[in-house]
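A closer look at the structure
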Amino acid sequence: QVQLVESGGGLVQPGGSLRLSCAASGRSFRMYAMGWFRQPPGKERDVVATISWSEGNTYYADRVKGRFTIRRDTAKNTIYLQMNSLKPEDTAVYYCAANTLGQGAMDRWGKGTLVTVSS
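As the structure is a prediction and not an experimental result, all values here were calculated from the model. (Residues numbered from 1 in each chain as written. Predicted model: local features only at pLDDT ≥ 70, side-chain atom pairs only at ≥ 80, totals over all residues. Heavy atoms only, no water.)

Some words on unusual backbone geometry
What counts is decided by this rule: Only DSSP runs of H or I with at least four residues qualify as helices, and only runs of E with at least two residues qualify as strands; both kinds are numbered from the N terminus onward. In this scheme, a residue with accessible area under 20% of its type's maximum is buried, one over 50% is exposed, and one in between is partly exposed, where area comes from a 1.4 Å probe on protein chains only.
A positive phi angle, near 50°, is found at Asn77, a position not held by glycine. When you line up the elements, Asn77 lands in the loop between strand S7 (68–73) and strand S8 (78–83). Exposure remark for Asn77: the relative accessible area of 22% places this residue in the partly exposed category.

Here we look at the state of the cysteines
Selection criterion: Count a disulfide wherever a pair of cysteine sulfur atoms falls within 2.5 Å.
This structure, assessed with the given rule, holds one disulfide. The disulfide that involves Cys22 links it to Cys96, with 2.0 Å between the sulfurs. Note on the Cys22 and Cys96 pair: the S-S dihedral is about -80°, so by sign convention the disulfide is left-handed. Here Cys22 is found in strand S3 (residues 18–25), whereas its partner Cys96 is found in strand S9 (residues 92–99), with 74 residues between them in sequence. The pair Cys22 / Cys96 is uniform in exposure class, with both members buried.

Some thoughts on the environment of Ala105
Considering the arrangement of structural elements, one finds Ala105 in the loop between S9 and strand S10 (108–109). Along the backbone, Ala105 and Cys22 are 83 residues apart, and their C-alpha atoms lie at a distance of 18 Å.

Things to note about the packing of aromatic side chains
Geometry of an aromatic ring pair is reported as the spacing of the ring centres plus the angle between the planes. Basically, it comes down to this: Between 30 and 60 degrees the pair is tilted, below 30 it is stacked and above 60 it is edge-to-face, where a pair is any two Phe, Tyr or Trp rings, Trp via its six-membered ring, whose centres lie within 6.5 Å.
A full pass over the atoms with the stated rule returns one aromatic pair. Where Phe37 meets Trp109, the ring centres are 4.8 Å apart and the plane angle is 65°; that geometry is what we call edge-to-face. Pair noted here: Phe37 is in strand S4 (residues 33–39) and Trp109 is in strand S10, with a separation of 72 residues, a long-range link. With a relative accessible area of 14%, Phe37 lands in the buried category.

Comments concerning the side chain of Thr113
The following threshold applies: We define a polar contact as two N or O atoms separated by no more than 3.5 Å, with the added condition that, inside protein, one atom must be a possible hydrogen donor and the other a possible acceptor, whereas residues neighbouring each other in sequence contribute only through side-chain atom pairs. The contact criterion used throughout is that any non-hydrogen atoms of two residues lie within 4.5 Å.
Secondary-structure assignment places Thr113 in strand S11 (residues 113–117). Within polar-contact distance, the side chain of Thr113 engages the backbone nitrogen of Gly9 at 3.3 Å. When sequence neighbours within four positions are dropped, the list of residues in contact with Thr113 reads Glu6, Gly9, Leu20, Ala92, Val93 and Tyr94.

Observations concerning the sheet that holds S7
Here is the rule: Note on pairing: two strands pair once DSSP finds at least 2 bridges between them. Comment: axis = line fitted to C-alpha atoms, over the contacting stretch for helices; angle = value between 0 and 180 degrees taken between N-to-C directions.
Spatially, the four strands line up as an open sheet ordered S1-S3-S8-S7, and their pairing is antiparallel. The sheet is open, and its two edges are formed by strand S1 (3–7) and S7, each paired on a single side. Averaged over neighbouring strand pairs, the angle between their axes works out to 15° when direction is ignored. Relative to S3, S1 runs antiparallel, the two sharing five bridges. Looking at the pairing, Ser7 lines up with Ser21 of S3.

Interpretation in functional terms is not warranted from these geometric data alone.
Structure (structure tokens):
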């Protein structure tokens, strides 16, 4: 069973930067893709960015393009989300997710890490 553990959340001022990390662990799993999702207060969870595991192809939600960068370290089964030029509307719980079954959807989820952008 794959476990995902996020780290790196916290409080940052508008215009600042944060880097989130997510490490996957478990026995004998295959990774097809990983990604970051977020859930702002009172809103639904939505995709932020995803990355395919073998090719490293990336997808970004329009609202974060040019500000956020997702990358992977296949040797460490870890992904990162570098967040720059943060805005108050980026405030949310950020969840790491993984596609380990190859069925097109994320099937494993982390517990989330809170990012608060405020002065």
